[in-house]
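Tertiary structure, described
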Amino acid sequence: MNIKGKSFLTLKDFTPKQIAEFLDLADWLRDCKRKRVRVRGCEGKNIALIFEKTSTRTRCSFEVAAYDLGMGATYLDPKASQIGKKESIQDTARVLGRMFDGIEYRGYGQEIVENLAKYAGVPVWNGLTNEYHPTQMLADLLTIRDYFGRLEGIRLTYMGDARYNTGNSLMIACTKMGLHFTCCAPKKYWPNEELIEICRGYAAESGATLTFTEDVVEGTTGADVISTDVWVSMGEPDEIWAERIHDLLPYQVTIDCINRAADDVIFLHCLPSFHDLNTEIGRTISEKFGINEMEVTDEVFESKYSRVFDEAENRMHTIKAVMYATLSEVPWPLD
Ligand code: CP
Ligand code: NVA
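To start, this report covers the structure provided alongside it. (Residues numbered from 1 in each chain as written. Chains lettered and ligands numbered in written order. Predicted model: local features only at pLDDT ≥ 70, side-chain atom pairs only at ≥ 80, totals over all residues. Heavy atoms only, no water.)

**Structural notes on the environment of Lys-320**
Topologically, Lys-320 is positioned in helix α13 (residues 308-327). Between the C-alpha atom of Lys-320 and that of Ser-286, which follows or precedes it by 34 residues, the distance is 38 Å. Sequence-distant contacts of Lys-320, that is, excluding residues within four places in its chain, are made with Leu-29, Lys-33, Ala-65, Asp-68 and Leu-69. (Helix = DSSP H or I, 4+ residues; strand = E, 2+ residues; numbered from the N terminus. Contact = heavy atoms within 4.5 Å.)

Structure below.
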């Protein structure tokens, strides 16, 4: 794969072969880290991390991966920088592009990260927009491949709000890589028709299938992977909680869903997750609406089926792969 200098904005821009190569590279980098082998190729470079929304995993993954590769990392909190308020994205891109070798962006519309990439002159990596979460997808695919030894033919069911970043991106990732994708949600939470059509095209190439259902029994029976995400995403108004709980509570991942799935089913969640009362929001929602767990029950989250912490660790290895593939001065061994 030769994608040096290229941005990583959505998986739509990459072929299945390139996506598989990102996973192989992440696997190799993970092995190097565990053996404490230093990886050469990026030393002395610097990256900027723009976060217009909060983060634990993505920020830490970029920072740790950068340090492991011998790079410097600068975190830019929009509250303490000029971005957006006093300086346009175009101007910010042109300034940061002069100082940094790569830029991560987490924020709102996909057009913002596309614009940043257009003007920066260095690789830009999408750390989450409203529409897509592509680095999360590499971690999910790697976690699935680690467990099942393959991606093709795996039946993945996504439950809940499927028309936002995680749901959209999972549909793209699955259909590109030959996994059978089932969207199990009320119709108004299905991805938009335009994206579904694009993914139908990917599925025709890869052998994947696409299923949309409002029926939880149909959606979860025989699934190899069940995945979900929060019901209200960052940037959405608090007033939306009542409607989301009403609409999506029937699509909560429960032990009944797991019992209907394949015997060796795994549960994935990009995290953070509201599965108990150990968060401020979890407690507020409980007091207001009388529910103690939301998109997944604590029983499933804490069960042997749950691979969410492998998935979280894989964020770092896969983000390192994205930076390495787009920045490294030396070809990596598997090339
Ligand atoms: N999954 C994920 O992107 O986590 P953070 O919001 O903590 O980065
Ligand atoms: N859909 C979630 C994903 C968090 C990683 C959000 O946008 O808040």
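Now that the structure has been shown, we can carry on.
**Overview of the sheet that holds strand β6 (residues 180-184)**
Paired through backbone hydrogen bonds, the strands of a sheet run either parallel or antiparallel to each other. Pairing in this open sheet of five strands is parallel, and the strands run β7-β6-β5-β8-β9 from one edge to the other. The strands lining the two open edges of the sheet, one partner per strand, are β7 (210-213) and β9 (266-269). Along the sheet, successive strands turn relative to each other by an average axial angle of 20°, direction set aside. Bridge count between strand β8 (residues 225-228) and β9: four bridges; the pairing is parallel. The residue of β9 that forms the bridge with Ser-227 is Leu-268. Running at roughly 170° to strand β5 (residues 155-159), helix α6 (residues 165-177) makes contact with β5, β6, β7 and β8 of the sheet. (Pairing = 2+ DSSP bridges. Axes fitted to C-alpha atoms, helices over the stretch in contact; angles between N-to-C directions.)

**Quick look at unusual backbone geometry**
The linkage connecting Leu-271 with the following residue, Pro-272, adopts the cis geometry, with an omega of 5°. With respect to the helices and strands, the residue Pro-272 is situated in the loop between β9 and α11 (280-289). Phi is positive for Arg-36, close to 60°, though the residue is something other than glycine. Examined against the element boundaries, Arg-36 turns out to sit in the loop between α1 (16-34) and β1 (46-51). By relative accessible area, Arg-36 is classed as exposed at 78%. (Buried < 20%, exposed > 50% of the residue type's maximum accessible area, 1.4 Å probe, protein only.)

**Here we look at the site of ligand 1**
All residues adjacent to ligand 1 are Ser-55, Thr-56, Arg-57, Thr-58, Arg-106, His-133, Gln-136, Cys-270, Leu-271 and Arg-315. Arg-57 places a polar side-chain atom, nitrogen or oxygen, 2.8 Å from an oxygen atom of ligand 1. Between Thr-58 and ligand 1, the recorded distance is 2.6 Å, taken from a side-chain N or O atom to an oxygen atom. Out of a free accessible area of 250 Å², ligand 1 has 96% covered by protein chains. (Near = heavy atom within 4 Å. Polar contact = N/O pair within 3.5 Å; in protein donor to acceptor, adjacent residues only side chain to side chain. Areas by Shrake-Rupley, 256 points an atom, 1.4 Å probe, with all protein chains shown as cover.)

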